[in-house]
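# Geometric and topological summary
Listed below, chain by chain, are the residues.
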Amino acid sequence: MNRCETLTYIQKNYSISGEAGRLIDNVLQYAERIKERHDRYLFLQQMLGGTIGLSNNEIKRFLLEVPHGA
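The following refers to the structure shown. (Residues numbered from 1 in each chain as written. Predicted model: local features only at pLDDT ≥ 70, side-chain atom pairs only at ≥ 80, totals over all residues. Heavy atoms only, no water.)

Moving on, we come to the packing of helix α2 (residues 18-32) against helix α3 (residues 37-48). Here α2 crosses α3 at 165°, and the two axes come no closer than 10 Å. It follows that α2 is roughly antiparallel to α3 by the angle criterion. Read as a crossing pair, α2 and α3 show a hand that is right-handed. Between α2 and α3, the contacting residues are I24, V27, L28, Y30 and A31 on the first element and R40, F43, L44, M47 and L48 on the second. Its residues assigned to classes, the contact of α2 with α3 comprises 9 nonpolar, no polar and 1 charged. (Axes fitted to C-alpha atoms, helices over the stretch in contact; angles between N-to-C directions. Helix = DSSP H or I, 4+ residues; strand = E, 2+ residues; numbered from the N terminus. Parallel < 35°, antiparallel > 145°, perpendicular 65-115°, else oblique. Left-handed = near helix turned anticlockwise from the far one by under 90°. Contact = heavy atoms within 4.5 Å. Nonpolar A, V, L, I, M, F, W, Y, C, P; charged D, E, K, R; others polar.)

Written out as structure tokens, the structure is:
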């Protein structure tokens, strides 16, 4: 999933406020810059795991596509 798809998934499946949505979007933007998939997973797990009830399997789906040229 890319960042927009991930954020849409979270907004549709979890009850989050507008402020939380913006914070999660910032986390996802930062994660996009992490080139190594494993490092990206660890970052997302640390930042999003246990916050709104995301499972590790969901977080694995959020291994964001790194834009070309990044």
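Following the sequence through the fold, R61 ends up in helix α4 (residues 56-61). For the pair formed by R61 and I16, sequence separation is 45 residues and the distance between their alpha carbons is 19 Å. Those residues within four positions of R61 in sequence are excluded, and the remaining contacts are M1 and Y9.

Enumeration over the complete set of coordinates arrives at 2 aromatic pairs. The interplanar angle of 65° and the centroid separation of 5.7 Å between the aromatic rings of Y9 and F62 together place this pair among those described as edge-to-face. Taken together, the residues span a long stretch of sequence, with Y9 in helix α1 (residues 3-13) and F62 in the segment after α4 at a distance of 53 residues. Accessibility classification places Y9 together with F62 in one group, the buried group. Looking at R61, its charged tip hangs above the ring of Y9, at a distance of 4.9 Å from the centre. (Phe/Tyr/Trp six-rings, centres within 6.5 Å; stacked < 30°, edge-to-face > 60°. Buried < 20%, exposed > 50% of the residue type's maximum accessible area, 1.4 Å probe, protein only. Lys NZ or Arg CZ within 6 Å of the ring centre and 35° of its normal.)

Purely geometric stuff here, so don't read any function into it on its own.
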